[in-house]
Each structure stands twice: as C-alpha cells, then as structure tokens.
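A structural walkthrough
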Amino acid sequence: MKKVLILLAHPKYEHSVVTQTLVNAVSNLENVEIRDLYELYPDFNIDVQTEQETLIMADIIIWQHPVYWYSAPPLLKQWIDLVLEFGWAYGPGGVFLKGKYILNAVSSGGAKDAYSKEGKHGFTIKEFFLPFYQTAKLCNMTYLPPFQVNGTHKIINEELKSVGDAYRRLLIFLRDSTSLSEEIMSMDSLNQLSI
C-alpha cells in the first residue's frame, strides 16, 4: 500500500464547500496524510526541512488547490520554490523525489467546457498546468493528469457527494495500485478513470 500525501493549499478553506467535501471524503483513509499549508504557514515561513522529510515518506503527492489565475495559490508556489531545492529535488544529488507520482487535484469556478480548445479559456487544465508537469519531470517524478472539479460556484449537493466519492475512489485506486498504465498518463483528467 502506497503512502499518499495531500498538500492542501486553499487560502479560504473555511469558505470552500467543494474543498471541504474533498478533504472530508479522504481524511479517514489509511495511509493518506493531509497537510493544510495555509494552516501550517499563515506567514508563508515554510519549514523546508520538515516538508522535505514528509515528502521522502510519500509515494504519491497531491497538490490540492483551487485554480488561481490558471495556476495555484501563492503559498503553494512559495512551497514549490523553497522545498524543491537544487541538490535535493533535482540536479546533482537531487534524488529524493525520484520515482514518486504527483498530480494536481483542483477546483475551479469555470465550467468544464470553458477549459477546452473551443472554450472560453482556450486550453485544458492539463495544458495550463504544464509548469507543474515540467517541475515533476525535473525532479524525476511521474506527473499524472489532474483531478478536477469544475463549476464550483453552481455545484449542488448531489454533485458534491458524487465528487467526494470519486475523489475517494481515485485515492484508494492510486494508493492500492501496483502500477499505473500509460493509458492513465495520456488522459486529460483522472476524472476519466472508470473506478
């Protein structure tokens, strides 16, 4: 059984019903740890050594966050900039993340069809997240397609339960899988998995 580490970065967690639903759906799973970065580091003063030690123990890392201007909230960017150090995460001696899986689990106010070639934003979430992909590649990690919840401003209770259940199934699948196929890597979103 793999160890899953969720790095939660939502600046207004207490106001996000979707993020709370996702967290509640997986918070009691065995071998799943959730670190709320905004709770741990409200002053943005990140404890790099603690974060690196936590990463070493994980097999699967999830950056869970809302989409902020086609990227992540500032604390997650700060975390990436500080924690994924040269000589530790990449470059000579940077081997501590090698072979780990990583993905973004995101929520956006925009509808799913808005994040497409034909949609309002002109690109998929996966395309907007190319910097995350490249970060993973540089650190010798395998970047998985994102898990996404779209249209959060209009989501209703039945959809919330379904989204939470899907996220829970995904984490159980990732945690318990012995290997992940190339087919999964080529998906636009892990929401496409039939699990």
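Check the entry above for the structure.
Residues numbered from 1 in each chain as written. Predicted model: local features only at pLDDT ≥ 70, side-chain atom pairs only at ≥ 80, totals over all residues. Heavy atoms only, no water.

A word on the packing of aromatic side chains. Summed over the entire model, instances satisfying the criterion amount to 11 aromatic pairs. For the ring pair Trp63 and Phe132, a centre distance of 5.2 Å and an interplane angle of 55° mean the geometry is tilted. A residue pair is termed long-range when its members are at least 10 positions apart, and Trp63 in strand S3 (residues 60–66) and Phe132 in helix H6 (residues 130–138) qualify at 69 residues. Classification of Trp63 by relative accessible area gives buried; the value is 0%. Where Trp69 meets Tyr70, the ring centres are 6.5 Å apart and the plane angle is 75°; that geometry is what we call edge-to-face. An aromatic cluster is defined as three or more aromatic residues linked by ring pairs; in this entry it consists of Trp69, Tyr70, Tyr115, Phe123 and Phe128. (Phe/Tyr/Trp six-rings, centres within 6.5 Å; stacked < 30°, edge-to-face > 60°. Helix = DSSP H or I, 4+ residues; strand = E, 2+ residues; numbered from the N terminus. Buried < 20%, exposed > 50% of the residue type's maximum accessible area, 1.4 Å probe, protein only.)

Here the focus is the packing of helix H3 (residues 48–57) against helix H4 (residues 74–83). Viewed as axis vectors pointing N to C, H3 and H4 meet at an angle of 85°, and their least axial separation amounts to 10 Å. By the angle between their axes, H3 is roughly perpendicular relative to H4. Between H3 and H4, the contacting residues are Val48, Glu51, Gln52 and Leu55 on the first element and Trp79, Leu82 and Val83 on the second. (Axes fitted to C-alpha atoms, helices over the stretch in contact; angles between N-to-C directions. Parallel < 35°, antiparallel > 145°, perpendicular 65-115°, else oblique. Contact = heavy atoms within 4.5 Å.)

Before going further, it helps to spend a moment on unusual backbone geometry. Positive phi, normally seen in glycine, also occurs at Tyr70, with a value near 65°. Within the secondary structure, Tyr70 is located in the loop between S3 and H4. Residue Tyr70 is classed as partly exposed on the basis of its relative accessible area of 32%. At Asn140, a position not held by glycine, the phi torsion is positive, near 60°. Here Asn140 shows up in the loop between H6 and strand S5 (142–143).

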